[in-house]
Each structure stands twice: as structure tokens, then as C-alpha cells.
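# Topology and contacts: notes
So the chains spell out like this:
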Amino acid sequence: MQKAHDPGEYVAFRHVQKSYDGETLVVKDLNLSIGQGEFLTMLGPSGSGKTTSLMMLAGFESATSGEILLDGRPINQVPPHRRGIGMVFQNYALFPHMTVGENLAFPLEVRRIGKDEREARIRRALDMVQMGAFANRRPAQLSGGQQQRIALARALVFDPKLVLMDEPLGALDKQLREHMQFEIKHLHESLGITVVYVTHDQGEALTMSDRVAVFNDGRIQQLAPPEDLYERPQNSFVAQFIGENNKLPGVVEELNETRALVRLATGELIEATPVNVRAKGDRTLVSIRPERVEITAGPMSENAHLLDAEVREVIYMGDILRIRMRAAGSEDFVVKLRNSIDQRRLDPGERIRIGWHPQDARALDVI
Amino acid sequence: MVDLPRIAVQAATAAAGPEIPLKARLARAQARARRRAFLLVLPLLLFILLTFVIPIGQMLQRSIYHDGFSGAAPALVEWFAATPAGTEPDETAFAALASDLLFMKERKLAGEAGTRINYAVPGSRSLFTAAARGADRLTAPYRPALMAEDGKWADPLLWAAMREAASPWTTDFYLSGIDMQRTANGGIERVDEGSRVYLALYAKTFLLSAVITIICLALAFPVAHLLATLPMARANLLMILVLLPFWTSLLVRTTSWIVLLQSQGVINSLLVSAGFIGDDGRLALIYNRTGTIIVMVHILLPFMVLPLYSVMRVIPPVYARAARSLGATSWTTFRRIYLPQTLPGIGAGVLLVFILAVGYYITPALVGGADGQLFSNQIQFHMSKSNWSQAAALAAMLLAGVLLLYWLYDRLVGIDKLKLG
Ligand SMILES: Nc1ncnc2c1ncn2[C@@H]1O[C@H](COP(=O)(O)OP(=O)(O)OP(=O)(O)O)[C@@H](O)[C@H]1O
Ligand SMILES: [Mg+2]
């Protein structure tokens, strides 16, 4: 680990560990650096340590060991109110006994900013989230989405460089959530702030982030831009957690840098891209995304691998057709087809040939 | 989703026919529900009426109504009605008095009538009972006859008192409640300095209650906060300690305070043996104002802790975190975020403790000595002397004071902000 401050590194976790009870570590050796202006998302299942990591950064939990740096300075000993970090909480945490305007004035008042400037900033912040007309309302008189916007405005009104958000959209319905995702992203871009965002909605993570850190069991499993995460998962956990995938268990028969031959349980031999298999004879899970499986020879490449399959169920999902079939020893091999006008229709019981490009079959570790 | 109610309403319209307007049907449907709700609360309503509203009404009536004299002296009542206030009692008046004394003797009313006059002019009771005893021997002219029995019969103050008592409706009891009395010519004046008791006691009662309330608040706030933030198991244990006073008899608690606080008691002995005070300098902690305050604070503390706790328990800690993240120090967070959210509990606790303190009399009677007595002890005193009207007038004054404060509280804080449980 380099100790010198890297100018592109605004926030850094160095070997951070956290234990609440002195027995188990809920965060195990967290190493993460976040660049200035970056939108980084912590994604992971419940209990994986996302909130804990965020709270250590905000200063509400202390790290059991390791170091947290903000703009090059260690902040382990800095109390939360002097860190200057904006924060949006899951249930908004708007002060119920204050109006919207007073809520926004609060961080400015504690910073002893004069009345005129305060009012100008509040107006600017409210306009930014299109809530200019609501300054005199109480939080209880606002809808969930409106409260969310106010919470956002309050976290931004004192111009923090870093804003933390812990599942800020968790309580909103799907449509509003998608709209707010767009607005948060837009604010992030126009203000140039650094955002650390926590969610366990993978769609949200993929659409909003510059980089996503996938947490599991107190560790970062993979830290990568959304595209990499989806297309090139580094291990079975990530492959399984992000999007849908078909997992075919097998044993590595041949292995070099770019190619692995895997003998499936059915005895079939398939070609895959090795990701984290180490040696011949290793057991592996070959992961294939359902939308990368083809059922017609046309789009398949020369050396695409072909298998026999039997259609078991066709589920109509509007934009796509989800086909469950028996293939490669699996009863639940899923294929997604675009619901286009020239798509070939399949019926249960039909026997077909399916195939994929070896690049899309990734040989991963067994979990 | 949004359309569902409208569809339901349309369906209802179709079923009921278009002739009855929606508003009328709504009113009818709600009236039925209201009737049912009313029937449900009727038993409680009757209970409250019988045990609360009627007795309080009676008490208020007693404080301004006393027919002890007016019912026993019909002839005098007539004479007072016929003459203006301040008229010198002439022979007609004394004749009426003599006939009334005879009336009292026959019906054994002299004691009651005398008692009523006695409230205004001390010593009158025996005057009436003695005169009534010999009423059948009185002969005209009555004025000299009565004067021969007792010269007090010419006292203009006595006649003023009788004129006032000739009507059963009177403000005498309130007058004496504010340390006032009537003059011979129908005016009012303050009583002698030595016998002014009520106003000073009234002020002292409210002052002491305020002091007790403030001490309770100062003690209860941290305890309630601890209760609200501690893990459940330990909070329950602490809660039991808080509630313990509720479960022991008032007398036991008071007695144990006597053991602790008296000049030869535990606390003084400890202080002396530790050398903080000399043996001749033992602190007077009981049988005075201090004793009243200490014991009442102890007794009323749970009434402050419980409403505070119930409010604090539901304040999510995330507000404090939000405030800290916005740059507030822990003191600012407490003052501007936490404290305002506990106001409903503070209001409820303060109101509860204050009202209870204002009306308390057992504890002051037991540990207050002469200096630690409160207004209620005077009420109790008059009740024990069967002077119901005076007791009722004092109680009504106390009630008025409490209601005034309640009204002030409503104006300043708002009663809807109260949270009692
Ligand atoms: N205050 C606490 N005291 C003790 N253990 C805690 C505390 N807060 C969290 N934990 C434990 O730490 C682990 C990580 O919790 P954390 O809240 O960081 O998870 P998370 O990733 O945010 O999960 P979620 O998606 O459900 O919010 C969990 O096992 C949790 O039980
Ligand atoms: Mg969490």
C-alpha cells in the first residue's frame, strides 16, 4: 500500500477493520480509494457491512483498526461535525419540529453564515431540487419523494465536497426511484461533488455509478465500473449477485492464459474464459449470462459452442421472453430473447440447439 | 388505485337512487356511527357525571350558598328586604329578631344560624344560642329586653353580617379567602395584618409547587434519557427503581423520610460523623419548607419521568446523527434538535407534577411543620371544622389558579402538543 497522498484520491480506507462486539469483524480489511468527483456505490447483500463502512467515514462509528483519510488527512479522530461531509439518510431524518426552510437553515446557522447569504443559499438549494415553493411546510406535510428532495437539498446546502447517501431511495416506489436516480446523478455531475452511495439495488448501482464496490461478508469482492462488473465478474459471488446468470459446474481439463476447457457433469466439454481458476483439475462454475445465449445459428460466431436443449417453459415478460430449458445438465438453464417481430417463437417440449461465444462463458471459483 | 373510491361511490349512487343527495346520505351514515359511539361511551359519561361533575358543581355552589341564617330568620329576612343597607336597627327590627329567636328555639336552628354569623363576626354563635334559649321570656319593647341580655346585640358589625347572611347567596367565603372582611356600613376592607393567612399561603403554594416541579424536571430529564437509550433489559430494571415509590404506601415513604431527615436522623448523623457540620449545627431538613420540598419531589418524580420517557423513547437517534453530520456540536444538537422534540413530554410532566403538587396535603401535613403547610392544608382544616362553604371557596380558588395556568400553557405551548403516555 502506498502511503503518500495521491492527488486523485479524495477518500481512502486503509486496512480498515470494524468489530462491534469484539468477537466478529463486520468489516474485514477494507481498502478503498475514491477519487475526487467520483460517484462510488457500495453494493451488497444485507449485513455485508455497507452501512458500517459509511458510518465510519461519516464519523458515527470508529474504526477498530486501520486508517481513513479525507483529502490526504487522517480523520479517525475528527468528530463528525467537523468532517464537513453531507449525508442523506434512508428515512430522510428531516427534523420534524422545523419547517423545510429551517431544516435547510440549520447547517448554515451552525456555521454562523449571515442571514442574507443563508436565505440566498436556501433558495438556491431548494430550486436545485425543484422545491422552491415548499420552504414553509413541515416535513410531515410532504410526500416521500418530496421529503427525499429536501433531505438532498439539506445535505448539499452547505456545499460539502463529499456527500454520503445510505439507501436514500429505499422507501420510494419504483417510478419515483428511477426519476430520483436520474436527478441525483444529474446533481452529482453539475456540482462536481464526490458521492459515496449505498444501495442493495443492483440496477440503481449500475445506472448511477462511476465505480461499484460489491461487498460481501465484510470484504470488497470486486471494485469496478458497472460495465466491467456485469460483463466481467471476478468471482462467482459477483456473477451471481449482479444480474442473472447460468452456472454450470464442472472440472477444468485444460488451461492456458485465455482458454479453459471444462468437462461438465453431463460429460460435455465446453470452452470458457478462465477468470479465477488456477490449475488443471480444479472444480469450477462456468457462468453464462442468459441474454448471451443464442438459439439461431446466425449471430453465433464460428467457434461458438453448441448444445442440445429442451424448452420447458416460456415466460412472457413484455420486452423479453424468458425461456427456461433443460441443457448442460441443468433443469433451470435460462435464456432471454428479445421480443422482436422476427424472433423465433418457442413452445414447451421443443428441442433446439443453443450456443454462445466462449468469451461469454467465464470459468469462476466454486462457492 | 385512485379511481377505486369513485367507483364505489358511483355504485352506491346507483343502488340508492339519484333522489337523495350524496351529502345527506353521508350525514345519515355518519349519524348512525356517531349514535353507536355515543352509546358506547354513555356508561363512562354517566360515571363521570355522577362522581365528578356533580360533586364539583355542588362544591362550587356551596362556596357561594349558605342558608344557615336565612332559613332560620324569616322575619329578619323580610325586614332587611324592606330597608336599605346601613339602616339603624329600630324597634321593628328587634321585634323581628325576637320572633326569629323564638322560631330558632322551636326548630333548634340557633346553632346553625349563629355559626353562619360567626364566620363574619367571631363570638356570635354563643350570642344566638344563649338568646334563643331565653327567647320565650322576651317581651316588648324588644330592643331594651335584648340589650339587657347582651350589649353585643347593638353592634353595627353584627347587623351588617346578619344583613349579608339574610340572603343564602353570598361572597363572604371568597372575601375571607382573599383576607377581606365587611365593614359595618356595607363596604369591604382587608383584615388586620395578623390574621391575613390565605393570600400569602396561596402564593407560597404556587411558588413551592413551581420549585418542586423544576427540581423534578431537572432530576427526571437525565433519568428518562437514560431509560430511553439503555438496552431493554437494563432499562426495565431502572424503570422498576423509578416506579418503586408508586408501589409503597405513601405513609411508609413519608415515615422513612422522617427517619432519614430528622435532626437525629441518618443524614444529619452521617454529616456530623463525617465532620461536615458540628453537633450543634444539625440541619433542619424536616418539619419545614425544605422537608415539604424534598419529600414531595420524591413522591412526584415518577409523574415526571414517565411522560418524558414515553416521548424520548420514540425519538429516533438518527436525528441527532443528522444534526451532527450537518455540522452541529453535541450541545447544539441537544438544544436545537433533541430538546424541542421532548417538549410534549416536558409539558405533560410539568403540568401533571405541578397540579398534583398544588393539591397535595398529606405530605405537607406530615413533614411540613408550620412553615411547610400548603393551601390544601387550610382546606382540610376547614373541612375538619365542618365549614364546608369556606373549604369549598378555598378549593375553588385553587381550581381557578390551576385552570388559569392551564390556559396560559395552552396559549404558550398548545395543549395539543401534550403527550401523557
Ligand atoms: N450498532 C451495531 N451493533 C452491533 N452490531 C451491528 C451494529 N450495526 C450493525 N451491526 C452488524 O454489523 C453487520 C453489518 O451491518 P451493516 O449495517 O453495515 O450492514 P449493511 O450492509 O448496511 O446491511 P443493509 O443492506 O441491511 O443495510 C451486521 O451483521 C449487523 O448485524
Ligand atoms: Mg445498511
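Everything that follows concerns the structure shown earlier in this document.
Sequence order as written defines residue numbering, which begins from 1 separately in each chain. In the order they appear in the text, chains get letters beginning with A and ligands get numbers beginning with 1. The model is predicted, so local features are restricted to residues of pLDDT at least 70 and side-chain atom pairs to those at 80 or more, both for listing and for counting; the totals for chains, interfaces and linings are taken over all residues. Excluding hydrogens and water, the side-chain values take into account all heavy atoms of the structure.

## Some remarks on the overall build of chain B
Where helices and strands are cited, they refer to DSSP runs of H or I of at least four residues and of E of at least two residues respectively, numbered from the N terminus. A tally of helices and strands in chain B yields 19 helices and two strands. C-alpha atoms define the radius of gyration, and 2.2 Å times the number of residues to the power 0.38 defines the globule rule. Relative to its length of 421 residues, chain B is extended, with a C-alpha radius of gyration of 31 Å against a globular reference of 22 Å. Dimensions of chain B, computed from C-alpha atoms along their principal axes, come out at roughly 95 × 90 × 35 Å. For every residue, the accessible area obtained with a 1.4 Å probe (protein chains only) is divided by the maximum for its type, and the residue is called buried under 20%, exposed over 50%, and partly exposed between those limits. Relative to its 421 residues, chain B shows a buried fraction of 38%. The contact definition used throughout considers only heavy atoms, calling two residues in contact when any of these lie within 4.5 Å. The long-range fraction of contacts in chain B, counting pairs at least 24 apart against all pairs at least 6 apart in sequence, stands at 68%. Computed with the Shrake-Rupley method and a 1.4 Å probe, the accessible areas treat only the protein chains shown as cover for residues. Total accessible area on chain B stands at roughly 23,200 Å², and carbon and sulfur atoms take up 67% of it.

## Quick word on the nonpolar core
One finds Phe13, Leu57, Phe95, Leu152, Leu162, Leu164 and Val196 of chain A to be the most contacted residues of the largest nonpolar core, which totals 110 residues. The dominant element in this core, judged by the number of residues it contributes, is helix H14 (residues 289-312) of chain B, at twelve residues. Leave out the neighbours within four places in its chain, and Leu164 of chain A touches Leu54, Leu57, Ala58, Ile85, Gly86, Met87, Val88 and Val196 of chain A. As used in this record, nonpolar core signifies buried Ala, Val, Leu, Ile, Met, Phe, Trp, Tyr and Cys residues forming a set joined through side-chain atoms within 4.5 Å. Within the second largest apolar cluster, 31 residues are counted, among which are Phe69, Ala93, Phe94 and Leu138 of chain B.

## Digging into the pattern of salt bridges
Between side chains of opposite charge, a pair can form as their charged atoms come close. All names here are of chain A. Salt bridges are defined as contacts in which a side-chain nitrogen from Lys or Arg sits within 4 Å of a carboxyl oxygen from Asp or Glu. If you walk through the whole model with that rule in mind, you get 34 salt bridges over all chains. Of the charged contacts, one joins Glu244 and Lys336 as a salt bridge, the two residues approaching to 3.2 Å between their closest N and O atoms. Here Glu244, found in the loop between helix H8 (236-241) and strand S11 (246-255), pairs with Lys336, found in strand S17 (residues 330-338); they are 92 residues apart in sequence, far enough to count as distant. Among the residues examined, Glu244 registers a relative accessible area of 27% and is labelled partly exposed. Glu331 serves as the salt-bridge partner of Arg326, at 2.9 Å between the closest nitrogen and oxygen.

## So, helix H4 (residues 144-156) of chain A
Here H4 of chain A contains 13 residues, and its C-alpha end-to-end distance of 18 Å stays within 8% of the 18 Å for a straight helix at 1.5 Å per residue. Of all the 13 residues making up H4 of chain A, eleven are buried; the element is thus mostly covered by neighbouring parts of the structure. Of the surrounding secondary structure, the elements contacted by the buried residues of H4 of chain A are strand S6 (85-88), helix H2 (100-110), helix H3 (115-128), strand S7 (162-166) and helix H5 (174-191) of chain A together with helix H15 (318-325) of chain B. For a helix, the expected span equals 1.5 Å multiplied by the residue count minus one.

## Some thoughts on the side chain of Thr284 of chain A
Residue and element names in this part refer to chain A. On the secondary structure map, Thr284 appears in strand S14 (residues 283-288). On the accessibility criterion, Thr284 (1% relative accessible area) is buried. Within the local environment of Thr284, its side chain forms a polar contact with the backbone oxygen of Leu364, the two atoms lying 2.7 Å apart. With residues up to four places along the chain from it excluded, the contact list for Thr284 reads Leu248, Pro249, Gly250, Val251, Val252, Val262, Val277, Ala363, Leu364 and Val366. Under the rule applied, a polar contact is a pair of N or O atoms within 3.5 Å (in protein, one hydrogen donor and one hydrogen acceptor; residues adjacent in sequence only if both atoms are side-chain atoms).

## Some details on the sheet that holds strand S13 (residues 269-274) of chain A
Residue and element names in this part refer to chain A. Spatially, the five strands close up into a barrel ordered S11-S12-S13-S19-S14, and their pairing is mixed. The sheet shows a mean angle of 55° between the axes of neighbouring strands, taken without regard to direction. The pairing of S11 with S14 spans six bridges and is antiparallel. What sits directly across from Lys247, in S14, is Ser287. Two strands form a pair only when DSSP identifies at least two bridges running between them. The angle between two axes is taken between their N-to-C directions and runs from 0 to 180 degrees, where each axis is a line fitted to C-alpha atoms and a helix contributes only its stretch in contact.

## Quick word on the sheet that holds S7 of chain A
Residues and elements named next belong to chain A. Across the sheet, six strands lie side by side as S6-S7-S8-S3-S9-S10; this open sheet has mixed pairing. The outermost strands of the open sheet, each flanked by one partner alone, are S6 and strand S10 (219-224). Pairwise comparison of adjacent strand axes, ignoring direction, gives a mean angle of 20° for this sheet. Of the strand pairs in this sheet, S7 and strand S8 (residues 194-199) are connected by five bridges, and their pairing is parallel. When the bridges of S8 are listed, Leu164 appears paired with Val196. Across the sheet, helix H1 (residues 50-58) lies against strand S3 (39-43), S6, S7, S8 and strand S9 (211-216), angled at about 150° from S7, the strand it touches most.

## Comments concerning the site of ligand 1
Residue and element names in this part refer to chain A. One heavy atom within 4 Å of a molecule or strand makes the whole residue count as near it. Close to ligand 1 lie Tyr20, Val26, Pro45, Ser46, Gly47, Ser48, Gly49, Lys50, Thr51, Thr52, Glu167 and His200. Here an oxygen atom of ligand 1 and a side-chain polar atom of Ser46 are 2.5 Å apart. Interatomic distance of 2.5 Å between a side-chain N/O atom of Thr52 and an oxygen atom of ligand 1. Against a free-state accessible area of 640 Å², the protein chains account for coverage of 58% of ligand 1. As a working rule, the residues Ala, Val, Leu, Ile, Met, Phe, Trp, Tyr, Cys and Pro are called nonpolar, Asp, Glu, Lys and Arg charged, and the rest polar, with Gly in that last group. Of the residues belonging to the shell around ligand 1, the class tally is three nonpolar, seven polar and two charged.

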